[in-house]
Amino acid sequence: MNLTIAEDVGTGPAARRENGGRLAAVARGETVPAEVHDALARETPALTIQRFNLWYGDAQALHDISMIVPRGKVTALVGPSGCGKSTLLRSVNRLNDLVDGVRIEGSMRIGDREIYDRAVDAIELRKRMGMVFQKSNPFPMSIYENVVYPLRIDGERNRRVLDEVCERSLRGAALWDEVKDRLQDSALGLSGGQQQRLCIARAIAAEPEMLLMDEPCSALDPIATNKIEDLIDQLRGAYTILIVTHNMQQAARTSDFTAFMYLGRLIEYGPTEAIFQKPRLIETYDYVTGRFG
């Protein structure tokens, strides 16, 4: 893949590396505006983030994040370890609320609904956000009960409804053909890749507004990783997907848009093809080509 720097930035790569460039400015605590590509303005937002800041105690982890997550598309968050990717992802379903000393400023909205409004029930919000973690976390129960668990806790007891949701969700997670004859077996007997797809089936069973994926393939072998990536491609359009990944090739293969973050700030955000083939910033170029990180 040939990468170039966009010509419309206005200064050359050498000039933009003077004094360490944007990343050094960020490290010094300076405010650096994000480079957001015009293509984002043509997308319908599923999630709108405006001037979002987050602190763990006295330590600020996110700085003035403003971005949209396009509806029905796959958006990847990339950047070095500790840059705030997972913190931002977990802010969407307010999992960070569970950490002592967390406080936030700014806005996150799903449609016209403010996620951090005091009237919003965080538990109900999390039910509407399908979450897939770095390590698969099937419950110690049958495959069937894992999938229908979100409906069970909402009080659904109609067996026909549960059966339909189970099959639909397992088909959606490309797992039905592999497990349809052993739905009452323990989910813990599945392979690692199957367990992760089971967790995705459980996540989509409740028909979430978004799917949040935090390094979903980091603990998987290449074959299982390929199956998860194929599944993400199949879910595109039906769901809005926000994924955190350290794997640049994975981001390039699976996402429609990519956001590059550094030390809690959004640096560049645009169509994945542009980010990986013709980024506007030398800093983005350096990161996606492996010069640092």
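Check the entry above for the structure.
Let us look at the structure shown here. Source: prediction; values computed, not measured.

A closer look at the overall build of the protein
Then step 1. Of the regular secondary structure elements, the protein holds 12 helices and 11 strands.
Then step 2. Compactness check: the protein gives a C-alpha radius of gyration of 20 Å against a globular reference of 19 Å for 293 residues, within 12% of the reference.
Then step 3. Each principal axis of the C-alpha distribution contributes one length, and for the protein these read about 65 × 45 × 35 Å.
Then step 4. Per-residue burial for the protein yields a buried fraction of 51% across its 293 residues.
Then step 5. Summed over all atoms, the accessible surface of the protein reaches about 13500 Å², with 47% contributed by carbon and sulfur.
Then step 6. With 36 positive and 40 negative side-chain charges, the protein shows a separation of 1 Å between the mean positions of the two kinds.

Looking at the nonpolar core
Then step 1. Formed by 52 residues in total, the largest nonpolar core has its most connected members in L170, L198, I200, L211, M213 and I241.
Then step 2. Sort the elements by how many residues they give to this core and helix α8 (residues 192-205) lands first, with six residues.
Then step 3. Residues within four places of L198 in sequence aside, it is in contact with P138, I143, N146, V147, L170, L175, A187 and L190.
Then step 4. Ranked by size, the runner-up nonpolar core spans 34 residues in total, among them M129, F257, A259 and M261.

Concerning the sheet that holds strand β4 (residues 74-78)
Then step 1. The strand order across the open sheet formed by seven strands is β1-β11-β10-β4-β9-β8-β7, and the pairing between neighbours is mixed. Edge positions in the open sheet fall to β1 (35-36) and β7 (129-132), since each of these has one partner strand only.
Then step 2. As defined by bridge partners, β4 adjoins strand β10 (residues 257-262) across four bridges and the pair is classed as parallel. Counterpart to T75 in the pairing with β10 is F257.

With respect to the pairing of strand β11 (residues 265-271)
Consecutive side chains of a regular strand alternate in pointing toward one face of the sheet and then the other.
Then step 1. Taken across its seven residues, β11 has six buried, putting it largely inside the fold.
Then step 2. Judged from the two bridges that link them, β1 and β11 form a sheet pairing that is parallel. What sits directly across from V36, in β11, is Y269.
Then step 3. As paired strands, β10 and β11 are joined by six bridges and run antiparallel to one another. If you follow T258 over to β11, its bridge partner there is G270.

A short note on the pairing of strand β3 (residues 59-70)
Then step 1. Where strand β2 (residues 45-56) and β3 come together, eight bridges link them in antiparallel fashion. What sits directly across from F52, in β3, is I65.
Then step 2. Where β2 hands over to β3, the hairpin turn is made up of two residues, of which G57 adopts a positive phi near 65°.

A word on the environment of S91
Then step 1. One can find S91 in helix α3 (residues 85-92).
Then step 2. We classify S91 as buried; its relative accessible area is 0%.
Then step 3. The spacing of S91 and M108 is 17 residues in sequence and 8.7 Å in space, taken between C-alpha atoms.
Then step 4. In this structure, S91 is in contact with F52, L54, L62, N96, M108, I115 and Y116, ignoring residues within four places of it in sequence.

Brief notes about the packing of aromatic side chains
Then step 1. For the coordinates displayed, the defined rule picks out six aromatic pairs.
Then step 2. The interplanar angle of 65° and the centroid separation of 4.9 Å between the aromatic rings of F139 and Y149 together place this pair among those described as edge-to-face. Note that F139 is positioned in the loop between β7 and α5 (143-153) and Y149 in helix α5, a separation of 10 residues in sequence.
Then step 3. Cluster of aromatic residues (ring-pair linked, three or more members): F260, Y262, Y287 and F292.
Then step 4. One Lys or Arg, R103, reaches over the ring of W55 and ends 4.1 Å from the middle of that ring.
Then step 5. Note that R202 overlies the ring of F139, its terminal NZ or CZ placed 4.0 Å from the centroid.

Looking at the layout of surface pockets
Then step 1. Empty space within the largest pocket amounts to approximately 530 Å³.
Then step 2. Around the largest pocket, the lining is made up of 20 residues, and of these R126, K127, M129, M131 and R202 lie nearest the centre.
Then step 3. Residue composition of the lining of the largest pocket, grouped by class: 13 nonpolar, three polar and four charged.
Then step 4. A volume near 200 Å³ is recorded for the second largest pocket.
Then step 5. Lining the second largest pocket we find T31, V32, P33, A34, V36, R51, H63, D64, I65, S66, R265 and L266.
Then step 6. Going through the elements one at a time, β3 and β11 are the ones with two or more residues in the lining of the second largest pocket.
Then step 7. Among the elements that line the lining of the second largest pocket, the one with the most residues is β3, at four residues.
Then step 8. Its residues assigned to classes, the lining of the second largest pocket shows six nonpolar, three polar and three charged.

Thresholds, definitions, all that
- Residues numbered from 1 in each chain as written.
- Predicted model: local features only at pLDDT ≥ 70, side-chain atom pairs only at ≥ 80, totals over all residues.
- Heavy atoms only, no water.
- Helix = DSSP H or I, 4+ residues; strand = E, 2+ residues; numbered from the N terminus.
- Rg over C-alpha atoms; globule rule 2.2 N^0.38 Å.
- Buried < 20%, exposed > 50% of the residue type's maximum accessible area, 1.4 Å probe, protein only.
- Areas by Shrake-Rupley, 256 points an atom, 1.4 Å probe, with all protein chains shown as cover.
- Lys, Arg positive; Asp, Glu negative; His and termini not counted.
- Charge placed at Lys NZ, Arg CZ, Asp CG, Glu CD.
- Core = buried A, V, L, I, M, F, W, Y, C linked by side-chain atoms within 4.5 Å.
- Contact = heavy atoms within 4.5 Å.
- Pairing = 2+ DSSP bridges.
- Phe/Tyr/Trp six-rings, centres within 6.5 Å; stacked < 30°, edge-to-face > 60°.
- Lys NZ or Arg CZ within 6 Å of the ring centre and 35° of its normal.
- 1 Å grid on protein atoms, 1.4 Å probe; cavity = no way out; pocket = protein on both sides within 12 Å on 5 of 7 lines; lining within 4 Å.
- Points joined across faces, edges and corners; volume = space filled by probe spheres on them.
- Nonpolar A, V, L, I, M, F, W, Y, C, P; charged D, E, K, R; others polar.

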